[in-house]
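Tertiary structure, described
Letter by letter, the chains look like this.
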Amino acid sequence: MASFSSVLRRVYLTLYNWTVFVGWFQVLYLALKTLKESGHEHVYDAVERPLLLTQSAAVLEILHGLVGLVRSPITATLPQIGSRLYVAWGILWSFPETRSHILVSSLVISWSITEIIRYSFFGTKEALGSAPSFLMWLRYSTFLLLYPIGISSEVGLIYVGLPYIKESEKYCIRMPNKWNFSFDYFYFAILVLGFYVPGSPHMYTYMLGQRKKALAKSKEE
């Protein structure tokens, strides 16, 4: 018989996954509706609130890994969530000039489809103990296309934002100051772009490995 803590864990993770699923479903619906009716220039304004809220909720997944609620390694979770939060808050929310770019549409759609599949997979698995084979296949196969689209959109939007970051000097700290410390957000953004060079292939290779193991295990069962 499952312990109380085990049951509580499953209930919590089930509720968490399906709640975030609803958030991403709303993001996708609003993005597609706006794209059809008003054009890509208005997609961000339509999805801003649910996008920021739902993506920010992913911070809990880092905590889930730290306290042992899930087995996902922090080394894989942290970079992915961190880069998304940076693009969502550090670029799109911070610099409105980037919001009308067509890459916002590809970003939002690739993110939301990926997450709708992922959260429905884990939500079903936590609730029922297993997920249907078709959902497992989608979970470990759609990233083959969606990950490159999402990463390309992230990199593209950071690049698009560079002139506005440099011109506005937002988030910059100039000397002299009482901390004797300076920070240039423009160069920080360039540094973030640099991390995508080794980070993206590494993450893609990691996910290919996860796909191979997951699909092989499903065939054995």
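What you see is a predicted model, and the numbers here were worked out from it, not measured in a lab.

Considerations on the overall build of the chain
The helix and strand inventory of the chain stands at 8 helices and 0 strands. When its helices and strands are written in sequence order, the chain yields α-α-α-α-α-α-α-α. A total of 221 residues make up the chain; the buried ones form 40% of that total. Considering only residue pairs separated by 6 or more positions, the chain has 74% of its internal contacts joining residues 24 or more positions apart. A total of about 12,700 Å² of accessible surface is found on the chain, and carbon and sulfur atoms cover 67% of it.

Details of the nonpolar core
Ranked by internal contacts, the top residues of the largest apolar core, which has 44 residues, are Trp-24, Leu-51, Ile-158 and Ile-165. Breaking this core down by element, the ones donating at least two residues are α1 (4–37), α2 (43–56), α4 (74–93), α5 (103–128), α7 (143–168) and α8 (185–220). Among the elements that make up this core, the one with the highest residue count is α8 (8 residues). When neighbours within four sequence positions are excluded, Ile-158 is seen to be in contact with Tyr-86, Val-87, Ile-91, Ala-189, Val-192, Leu-193 and Tyr-196. Judged by nonpolar contacts, the second largest core, of 6 residues, contains Phe-121, Tyr-140, Ala-214 and Leu-215.

What about unusual backbone geometry?
The phi angle of most residues is negative, glycine excepted, and most peptide bonds adopt the trans form. Following Met-175, the chain continues to Pro-176 via a peptide bond in cis, the omega torsion being 5°. With respect to the helices, strands and loops of the structure, Pro-176 is situated in the loop between α7 and α8. Although it is not a glycine, Tyr-171 sits at a positive phi angle of roughly 70°. Considering the arrangement of structural elements, one finds Tyr-171 in the loop between α7 and α8. One non-glycine residue, Asn-180, lies in the positive phi region at around 55°.

With respect to the UniProt feature "transmembrane region" (unreviewed entry) in the chain
According to UniProt, the feature "transmembrane region" (unreviewed entry) maps to residues 12–32, 143–165 and 185–209 in the numbering used here. Along residues 185–209, the helical share is 100% and the strand share 0%, with 35 Å between the first and last C-alpha atoms.

Some thoughts on the pattern of salt bridges
Tallied over the full model, the rule gives 8 salt bridges. The partner of Lys-33 in a salt bridge is Glu-37, and the shortest N-O contact between them spans 3.3 Å. Pair noted here: Lys-33 and Glu-37 are both in helix α1, with a separation of 4 residues, about one helical turn. For Lys-33, a relative accessible area of 35% translates into the label partly exposed. Take Glu-37: its relative accessible area is 56%, and that puts it in the exposed class.

Thoughts on the packing of aromatic side chains
For any two aromatic rings, the description comes down to two numbers: the centre-to-centre distance and the angle of the planes. Applying the stated rule across the entire model yields 19 aromatic pairs. Aromatic side chains Tyr-12 and Tyr-16 sit 6.3 Å apart centroid to centroid with 25° between the ring planes, which places their arrangement in the stacked category. Of the two residues, Tyr-12 and Tyr-16 are both situated in helix α1; the distance of 4 residues between them amounts to about one turn of the helix. In this structure Tyr-16 comes out as buried when scored by relative accessible area, which is 7%. Taking the centre distance of 5.8 Å and the plane angle of 75° together, the rings of Tyr-86 and Phe-188 count as edge-to-face. In this pair, Tyr-86 sits in helix α4 while Phe-188 sits in helix α8, placing the two residues 102 residues apart along the sequence. Tyr-86 sits in the buried class, given a relative accessible area of 11%. Here Phe-188 falls in the partly exposed class, since its relative accessible area comes to 31%. Among the aromatic residues, ring-to-ring pairing joins Tyr-86, Phe-95, Tyr-171, Phe-183, Tyr-185 and Phe-188 into one connected group. The residue whose ring lies beneath Arg-118 is Tyr-119, and the NZ or CZ to ring-centre distance is 4.5 Å.

Overview of the packing of α4 against α5
Two measures define how a pair of helices packs: the angle their axes make with one another and the distance between the axes. Taken N-terminus to C-terminus, the directions of α4 and α5 make an angle of 145°; their axes are 13 Å apart at the nearest point. Judged by the sense of rotation from one axis to the other, the crossing of α4 with α5 is left-handed. Touching Arg-84, Val-87 and Leu-92 of α4 are Val-104, Leu-107, Trp-111, Thr-114 and Glu-115, all from α5.

Conventions used here
- Residues numbered from 1 in each chain as written.
- Predicted model: local features only at pLDDT ≥ 70, side-chain atom pairs only at ≥ 80, totals over all residues.
- Heavy atoms only, no water.
- Helix = DSSP H or I, 4+ residues; strand = E, 2+ residues; numbered from the N terminus.
- Buried < 20%, exposed > 50% of the residue type's maximum accessible area, 1.4 Å probe, protein only.
- Contact = heavy atoms within 4.5 Å.
- Areas by Shrake-Rupley, 256 points an atom, 1.4 Å probe, with all protein chains shown as cover.
- Core = buried A, V, L, I, M, F, W, Y, C linked by side-chain atoms within 4.5 Å.
- UniProt positions renumbered as here; feature names shortened; annotations may be inferred.
- Salt bridge = Lys/Arg side-chain N within 4 Å of Asp/Glu carboxyl O.
- Phe/Tyr/Trp six-rings, centres within 6.5 Å; stacked < 30°, edge-to-face > 60°.
- Lys NZ or Arg CZ within 6 Å of the ring centre and 35° of its normal.
- Axes fitted to C-alpha atoms, helices over the stretch in contact; angles between N-to-C directions.
- Left-handed = near helix turned anticlockwise from the far one by under 90°.

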